[in-house]
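Results of the structural survey
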Amino acid sequence: MLWIMRVSSFFSAAVVMVVISPSLQSFPPAEAIRSSHLDGYLRFPAGIAAAGARGRFSFRQALPFRNAEECGGPGDNNTVCNPSFVHVAITLDMEYLRGSIAAVHSVLQHALCPKNVFFHFLVSDTSLETLVRSAFPQLRFKVYYFDPERVRGLISTSVRQALEQPLNYARNYLADMLEPCVRRVIYLDSDLVVVDDIAKLWRTGLGSRTVGAPEYCHANFTKYFTGRFWSDPRLAGTFAGRRPCYFNTGVMVIDLVRWRRFGYTRRIERWMEVQKAGVGGGGRIYELGSLPPFLLVFAGHVAPIDHRWNQHGLGGDNVKGSCRDLHPGPVSLLHWSGSGKPWVRLDSNRPCPLDALWAPYDLYGPTP
């Protein structure tokens with residue numbers, strides 16, 4: 001359990017203890033836990049900050065989980081096609097494995113019906129299935145192999161090397177990889193934790209849209225593309241008649257039926273081909289990795305989801321990875337997008353204040 005202490009302005013001489021643990025169903029408004037109020041008061045679990053300094057480490061087994069009485073069970077149908085399942089897709093690779101395991105752990109801790117959550121793991125190394133099964137013996141999941149060669153020829157250089165990894169583009173192919181009976185999926189990045197019941201996000205209405213995500217219309221949308229893009233009417237014209245807003249592709253609810261029907265995978269690939277051709281001569285049209293093609297296809301056509309479901313940017317920018325505060329408002333999901341990852345900063349004894357909110361879900365530790 002993590003204790004966070006702050007001095008209350010109401011009780012000038014009293015210290016108020018705020019307890020944050022995996023048993024919470026959602027965080028209070030962010031103003032109550034802004035990191036600027038936490039400096040000097042955070043206490044990390046013993047040994048977390050020095051992880052890696054002693055002996056051999058592995059993932060501990062998560063505590064057993066069960067559905068609440070009002071859930072009912074998924075019945076005898078344990079296949080991926082069970083209509084009562086909430087489907088969650090996430091990637092697994094060695095570099096971000098610790099984050100992925102923590103993300104899964106957080107979903108299970110806060111779900112009212114954890115046995116009704118089915119995970120779809122996208123991997124380029126199928127040996128990781130054994131690790132997942134040892135950490136979560138009760139988990140319903142399936143592993144899908146993503147061939148890096150499928151997309152390697154479409155990837156161009158980015159501002160951060162991690163954004164160039166083929167598995168970062170696996171989200172583009174969910175509609176092809178998952179079974180046709182899976183009609184909807186929640187896609188989650190590996191550097192986040194969910195602190196609310198994932199079923200609430202699952203029940204989000206998309207209307208006639210294919211993708212739902214929190215939108216940030218105050219962001220400077222033009223910065224996601226180069227001057228070459230905006231100066232070419234044929235390229236910039238793709239947003240004609242649309243009101244495009246930035247959205248983060250690390251948290252999305254996707255209607256796979258509509259995606260398959262309208263062939264969005266191929267549409268994304270075509271923009272990646274335009275970018276690749278420009279790098280070779282005419283000039284690139286964006287600098288980031290997998291995000292811009294999504295913006296080109298979907299920005300202005302996204303079903304808006306409450307911002308509480310993606311408190312993003314906690315990893316800082318793509319270069320320095322500096323510490324960030326929470327955005328104002330309630331919190332259901334904390335996302336360390338950016339270059340700074342909580343497990344790296346904790347291990348190096350240089351954590352940001354909000355990294356303490358990730359630590360309770362970390363299953364990485366020394367073997368007995």
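Just so it is clear, the model here is predicted, and its values are computed rather than measured.

What follows deals with the sheet that holds strand 13 (residues 303–304). The 7 strands are arranged 6-5-4-7-12-9-13 in an open sheet whose pairing can be described as mixed. Each end of this open sheet is capped by a strand with a single partner; those strands are strand 6 (140–145) and strand 13. Summarising the sheet, strand 5 (residues 117–123) and strand 6 pair through 6 bridges and their orientation is parallel. In the strand pairing of strand 6, F119 is matched with F141.

Quick look at the side chain of N67 now. For N67, the location among the structural elements is in the loop between strand 3 (57–59) and strand 4 (86–92). Within the structure, the side chain of N67 is placed 2.8 Å from the backbone nitrogen of K115, a separation counted as a polar contact. Within the structure, the side chain of N67 is placed 3.0 Å from the side chain of N116, a separation counted as a polar contact.

Turning next to the packing of aromatic side chains. Counted according to the given criterion, the structure contains 25 aromatic pairs. Ring geometry for F146 and Y173: centres 5.6 Å apart, planes at 40 degrees, overall tilted. Linking F146 in the loop between strand 6 and helix 3 (149–152) with Y173 in the loop between helix 3 and helix 4 (174–177), this pair joins segments that are 27 residues apart in sequence. A residue is classified by how much of its surface remains accessible, and Y173, at 1% relative accessible area, is buried. Taken together, the ring pairs connect Y216, F221, Y224, F225, F229, W230, F239, Y246 and W271 into an aromatic cluster. Above the ring of W202, the side-chain terminus of R184 is found at 6.0 Å from the ring centroid.

Given the relative accessible area of 1%, F146 is considered buried. In this structure the C-alpha to C-alpha distance between F146 and P166, which are 20 residues apart in sequence, comes to 8.7 Å. Beyond its immediate sequence surroundings of up to four residues, F146 is in contact with V123, S124, V151, P166, L167, A170, Y173 and M177.

Calculation notes
- Residues numbered from 1 in each chain as written.
- Predicted model: local features only at pLDDT ≥ 70, side-chain atom pairs only at ≥ 80, totals over all residues.
- Heavy atoms only, no water.
- Pairing = 2+ DSSP bridges.
- Helix = DSSP H or I, 4+ residues; strand = E, 2+ residues; numbered from the N terminus.
- Polar contact = N/O pair within 3.5 Å; in protein donor to acceptor, adjacent residues only side chain to side chain.
- Phe/Tyr/Trp six-rings, centres within 6.5 Å; stacked < 30°, edge-to-face > 60°.
- Buried < 20%, exposed > 50% of the residue type's maximum accessible area, 1.4 Å probe, protein only.
- Lys NZ or Arg CZ within 6 Å of the ring centre and 35° of its normal.
- Contact = heavy atoms within 4.5 Å.

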